[in-house]
Amino acid sequence: MAFSSSISPCYSSQFSSNLLTQETYLKGKGKKIATFNRTHQFSILHCSPFLNSKWERGELLKFGISAAVTSEEYLMDGAIENTHQLPKGDSWSVHKFGGTCVGNSERIRNVADVIIQDQSERKLVVVSAMSKVTDMMYDLIYKAQSRDESYLTAMDAVLEKHKLTAIDLLDGDELASFLSHIHHDINNLKAMLRAIYIAGHATESFTDFVAGHGELWSAQLLASVVRTTGVECKWMDTREVLVVNPTSSNQVDPDYLKSGERLEKWYSKNPSMTIIATGFIASTPQDIPTTLKRDGSDFSAAIMAALFKACQVTIWTDVDGVYSADPRKVSEAVILKTLSYQEAWEMSYFGAHVLHPRTIVPVMQYDIPIIIKNIFNLAAPGTMICRSTDNEYEDGQRSVFPVKGFATIDKLALVNVEGTGMAGVPGTASDIFGAVKSVGANVIMISQASSEHSVCFAVPEKEVKAVADILESRFGQALSAGRLSQISIIPGCSILAAVGQRMAITPGVSATFFSALAKANINIRAIAQGCSEYNVTVVVKQEDCVRALRAVHSRFYLSRTTIAVGIIGPGLIGGTLLDQLKDQTALLKEKFNIDLRVMGITGMNSMLLSSSGIDLSKWKELLSQKGEKADLNKFVQHVSENYFIPNSVLVDCTANSHIASHYYDWLHRGIHVVTPNKKANSGPLDQYLKVRALQRQSYTHYFYEATVGAGLPIISTLRGLLETGDKILRIEGIFSGTLSYIFNNFTGTKAFSQVVKEAKVAGYTEPDPRDDLSGTDVARKVIILARESGLDLELSDIPVQSLVPEPLRVTASAEDFLLDLPKFDQELSKQRQEAEDEGEVLRYVGVVDVVNGKGAVELRRYNMEHPFAQLSGSDNIIAFTTERYCKQPLIVRGPGAGAEVTAGGIFSDILRLASYLGAPS
């Protein structure tokens, strides 16, 4: 069957193709055959009352347009005998090239090379229109029916695009033939668009006819280019072969029986080892041109593969395969080697750019695999979509991922219908969704409680007003009578779906999924899961969607556990931590799947922000050269509201009480906090209890190991004892590295002031040694441990023995203090001598007496065999006396001061956070 067209308005010369009748008498085995082919005829006769068409007679009379597409073969003296019978089966491979693949002359050459290099015995190639051409064709129709005369200029642009491409690709007879055909088509289209312009309306059939020309031209172009290489090739107008039945839902159903019959006939007249076929377009059973709707070229390829019973279908795109998530939202998304038909269908339905969901249906029947490949990266293996097996392997190893991928749909609204009158009433759900159907709304997801008290469903936001109006109208009486309590709308929603066939046989997948969302502080509005368990679907706020997607993607090990880190206070401790992060970043990514991205660094005066992560090898230079004025609110917002990273942590390396006062607000906003700053946990009791209560009732973490023992596991040891049911009786320890050093060296004839000066020179003290000698820092550590042990004490409840002589507490400067300190050496020297005479040593300790509910900071004497007497350097030591460790306390000993160990303790807390958020342990 051939398609041609001749269209003219009554006021111009009429182009009309005559009815072509070919009579062919073939003699073979005594059979006489006559074949009559009637062409595709259009006649635009605005002034003529005479119409002679079978195609949409009623609609076309409005425009005076007649058109018919018929193909009839009449057999004489018996059945037709085909010289060329269509071979079906594995000898055929099907390729489909999208518009991007044939976007310009260079890309069309590349496609021709791929076709030629394919070693398959027979090849069917389905091709889309050149990039943007289909949109241009629809724009022509829109302009014409809007009576915008610029459709003529737009039509010339379409012609010029194809003409220039053809001139670049072809020459000689092939070029002349193509240009002749396209000029003929353009003239006919202009005449048809003129009719649409006059009428101010285009029927669906006219729209489909015009829109499908892009595929006709790209198929002819590609076939011509392949022939210029010496490969015999035919092009197929699939309107002559594919027969589809339009449905009421803007879709079409293929008629495989009729299509198969027409394919046999087409091939008998056009036998070829290489066929270039048009995608997207087809015909109705009445031979009316139509389309397979948007994304129909993939569907065309799948239908043709089923008709040919091909060995495989290769869909060529501009990506390396199917990703585990949208790579624009999850930069660590990975290419999936395989997907089952069901997994691919589920991901397509939920918005993943895999295939149109209907594409998978035709190939499933014959177990024809679909391979997604990148035309711009031929070396990439792509993704194979096929029937699943019990043993799925990725890179030679059995797949351990129960979830294959994640997909999202945005711009949705959740409609909730609830009321006690719904329970046990048959047909309520049918009435609800019947009303929704009546306004043509598309229901994406449905969720209903087993109590039948409520049902909610998601629809596109643009359709929700019509849905709300029809429901309120249809159920107005039920609302008035109280059988329904409300019909509520929640706008600004997104759907997040986890898809994987192995979910059905893997326990705990849903728990892991929901745990990841909870830890990312994501609130779930609705949940749905089919009994097949191929997907779990949730509705979340649209503003949370990307964060939710990244959180679940990371949790299932498909990408690194990524945490946005904000460092507050890049001084001695903070700077050392940044250096440690720099040294370990690569190792953490490679071996532990942990990606710590420092998104911001702020000091008192300036801050440095980055949208992707600061280069820690030169953070000091960047902060000084590109830093901006410090703004804590802006800093926190930048780190925590990063669009691509689901989890964020603020690391406070200061000793600032103002910074500590923000912890509650940060935790409440879902921002994790790690700190060595003692001010929050030793500050006002009510604020401490408020922060701890919030921490316990949420999935937001607050880690402060370094507040007591720097890098020593003091807090974690205490918690371990309490959580396992032990009872704390007493905690006693040397908590200050500075004071440990001073009293470890306060021996013999050395004066106390001399040892203090040596400690300052060695860098063990604060710039003003009185900050250490006052005992306040030790008192803060005591109060932290007391509160962790269950005592509700204020800092003022702790008696502190200060080592700063009373007259020197108000001395103007640290230098003056050190000059005057020797005047007070006698008292401490006397205490030392008395202790030594008794075989004891002096140690400055903090004590938590849990039994009596009190604490103290004081100078005490210990005999030489006591663990506290055997310290050296600046080590700390803490003894836990509990019901389990009653006779011999549990001892924790080690370096308790210094930038390296303190930063190491903070770093350890950050890694513990990563583990809690899903990083492998």
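Up top is the structure.
This report concerns the structure included in the present document. All figures in this text were calculated on a predicted structure; none of them were measured in a lab.

### Focus on the overall build of the protein
Helix and strand counts for the protein come out as 32 helices and 36 strands. When the 921 residues of the protein are sorted by exposure, 53% land in the buried category. By element, 50% of the accessible surface of the protein is carried by carbon and sulfur atoms, the whole surface being about 40,300 Å².

### Details of the nonpolar core
Formed by 67 residues in total, the largest nonpolar core has its most connected members in W666, I731, I742, F743, F752, L773 and L785. The element best represented in this core is helix α29 (residues 776-788), accounting for seven residues. Setting aside chain neighbours within four positions, we find L785 in contact with V708, I714, I715, L718, I731, F735 and V848. Judged by nonpolar contacts, the second largest core, of 59 residues, contains L263, I409, L412 and C456.

### A few points about the sheet that holds strand β26 (residues 594-602)
Across the sheet, which stays open at both edges, the seven strands sit in the order β28-β27-β26-β25-β29-β30-β31 with mixed pairing between neighbours. At either margin of the open sheet sits one strand with a lone partner, and together these are β28 (628-629) and β31 (702-703). Pairing geometry for strand β25 (residues 561-568) and β26, over eight bridges, is parallel. Along β26, the bridge assignment pairs V565 with V598.

### Here we look at helix α16 (residues 545-555)
The buried fraction of α16 amounts to 11 of the 11 residues, a majority that puts the element mostly inside the structure. For α16, the full list of buried residues reads C545, V546, R547, A548, L549, R550, A551, V552, H553, S554 and R555. Against β19 (405-418), β22 (486-499), α15 (509-519), β24 (535-541) and β25 lie the buried residues of α16.

### Here's the deal with a negative patch on the surface
A grouping of E827, E834, E836, D837 and E838 is seen on the molecular surface, where their side chains present a negatively charged patch. By secondary structure assignment, the location of E834 is in helix α31 (residues 825-837). Take E834: its relative accessible area is 37%, and that puts it in the partly exposed class.

### Re the sheet that holds strand β14 (residues 338-340)
Strand order in the open sheet formed by eight strands is β7-β10-β6-β5-β13-β15-β16-β14, and the pairing between neighbours is mixed. Strands with a single pairing partner mark the edges of an open sheet, and in this sheet they are β7 (234-236) and β14. Across the sheet, the mean angle separating the axes of adjacent strands is 20° when strand polarity is ignored. Where strand β15 (residues 370-374) meets strand β16 (residues 383-386), three bridges bridge the pair, whose relative direction is antiparallel. Across the sheet, I371 pairs through a bridge with M384, a residue of β16. Along the sheet, helix α7 (residues 213-228) makes contact with β6 (122-127), β7 and β10 (274-278), crossing β10 at roughly 160°.

### Regarding the pairing of β6
Most of β6 is tucked away, with six of its six residues classed as buried. Side-chain alternation along β6 places R122, L124 and V126 on one buried face and K123, V125 and V127 on a second face that is also buried. Where strand β5 (residues 92-97) and β6 come together, six bridges link them in parallel fashion. Across the sheet, K96 pairs through a bridge with V126, a residue of β6. Tracing the backbone out of β5, into helix α2 (residues 105-117) and back to the parallel element β6 gives a crossover that is right-handed. Note that β6 and β10 share five bridges and pair parallel. Paired with V125 across the two strands is I276, which belongs to β10.

### Re helix α3 (residues 133-145)
Structurally, the α-helix is built with 3.6 residues per turn, so residues lying three or four positions apart point the same way. With 13 residues, α3 extends 19 Å from end C-alpha to end C-alpha; this agrees with the ideal 18 Å at 1.5 Å per step. Residues V133, T134, M137, L140, I141, K143 and A144 constitute the buried set of α3. Lining the buried residues of α3 we find α4 (151-169), α5 (172-199), α6 (204-211) and α7. Of the residues trailing α3, R147 is marked for its positive phi of about 60°.

### Describing the packing of α3 against α4
Packing of α3 against α4 leaves a shortest axis separation of 9 Å and a crossing angle of 160°. One element, α3, and the other, α4, form an angle in the roughly antiparallel class. Both α3 and α4 take part in a crossing whose hand is left-handed. Judged by residue contacts, V133, M136, M137, L140, K143 and A144 of α3 engage Y151, A154, M155, A157, V158, K161 and H162 from α4. When grouped by side-chain class, the residues that make up the contact of α3 with α4 number 10 nonpolar, one polar and two charged.

### Some points on empty space enclosed by the protein
The final tally for this structure, using the stated rule, is one cavity of 30 Å³ or more. Volume-wise, the largest cavity comes out at about 40 Å³. Lining the largest cavity, in full, are A516, K519, A520, A551, S554, T561, N647 and L917. Those elements that place two or more of their residues in the lining of the largest cavity are α15 and α16.

### Focus on the pattern of salt bridges
Note that side chains of opposite charge can pair when their charged atoms are close. A complete count under the given rule lists 41 salt bridges for this structure. Residue K234 pairs with E232 through a salt bridge whose shortest N-O separation is 4.0 Å. With a relative accessible area of 26%, K234 lands in the partly exposed category. Close ionic contact of D665 with R669 constitutes a salt bridge, the shortest N to O distance being 3.5 Å. Among the residues examined, R669 registers a relative accessible area of 37% and is labelled partly exposed. One salt-bridge network, in which partners are shared between bridges, spans E332, R550, K589, D595 and R597.

### Structural notes on the environment of F178
With respect to the secondary-structure elements, F178 resides in helix α5. By relative accessible area, which is 2% here, F178 ends up buried. C-alpha of F178 to C-alpha of I167: the two residues are 11 residues apart in sequence and 9.8 Å apart in space. The contacts of F178, once residues within four sequence positions are left out, are H162, A166, L170, W217, Q220 and L221.

### Focus on the side chain of E705
Inspection of the secondary structure puts E705 in the loop between β31 and α24 (706-709). Of the side chains bearing the opposite charge, R912 lies closest to the buried E705, which forms no salt bridge; the N-O distance is 4.5 Å. Within the local environment of E705, its side chain forms a polar contact with the backbone nitrogen of I715, the two atoms lying 2.6 Å apart. Not counting chain neighbours up to four residues away, the residues in contact with E705 comprise A710, L712, P713, I714, I715, S716, D909 and R912.

### Concerning unusual backbone geometry
A positive phi angle, close to 80°, is found at F280, a residue other than glycine. Inspection of the secondary structure assignment puts F280 in the loop between β10 and β11 (281-283). Positive phi is not limited to glycine here, since N593 has a value of about 55°. Note on placement: N593 falls in the loop between α17 (572-592) and β26. Of the residues examined, N593 reaches a relative accessible area of 25% and is grouped as partly exposed.

### Some details on the pairing of β15
Counted residue by residue, β15 has five buried out of five residues, so it is predominantly covered. Burial of β15 is two-sided: the residues I370, I372 and N374 facing one way and the residues I371 and K373 facing the other way are all buried. Where strand β13 (residues 312-317) lies against β15, five bridges are found, and the strand directions are parallel. Following the sheet pairing, I315 is matched in β15 by I372.

### Quick notes on the environment of L517
Looking at the secondary structure, you find L517 in helix α15. In this structure L517 touches L496, I522, I524, V538, A548 and V552, once residues within four positions along its chain are discounted.

About the thresholds
- Residues numbered from 1 in each chain as written.
- Predicted model: local features only at pLDDT ≥ 70, side-chain atom pairs only at ≥ 80, totals over all residues.
- Heavy atoms only, no water.
- Helix = DSSP H or I, 4+ residues; strand = E, 2+ residues; numbered from the N terminus.
- Buried < 20%, exposed > 50% of the residue type's maximum accessible area, 1.4 Å probe, protein only.
- Areas by Shrake-Rupley, 256 points an atom, 1.4 Å probe, with all protein chains shown as cover.
- Core = buried A, V, L, I, M, F, W, Y, C linked by side-chain atoms within 4.5 Å.
- Contact = heavy atoms within 4.5 Å.
- Pairing = 2+ DSSP bridges.
- Patch = residues over 30% accessible without salt bridge, like charges linked within 9 Å, V, L, I, M, F, W, Y side chains within 5 Å.
- Salt bridge = Lys/Arg side-chain N within 4 Å of Asp/Glu carboxyl O.
- Lys, Arg positive; Asp, Glu negative; His and termini not counted.
- Charge placed at Lys NZ, Arg CZ, Asp CG, Glu CD.
- Axes fitted to C-alpha atoms, helices over the stretch in contact; angles between N-to-C directions.
- Right-handed = clockwise from strand over helix to strand, strands pointing away.
- Expected span 1.5 Å × (residues − 1).
- Parallel < 35°, antiparallel > 145°, perpendicular 65-115°, else oblique.
- Left-handed = near helix turned anticlockwise from the far one by under 90°.
- Nonpolar A, V, L, I, M, F, W, Y, C, P; charged D, E, K, R; others polar.
- 1 Å grid on protein atoms, 1.4 Å probe; cavity = no way out; pocket = protein on both sides within 12 Å on 5 of 7 lines; lining within 4 Å.
- Points joined across faces, edges and corners; volume = space filled by probe spheres on them.
- Polar contact = N/O pair within 3.5 Å; in protein donor to acceptor, adjacent residues only side chain to side chain.

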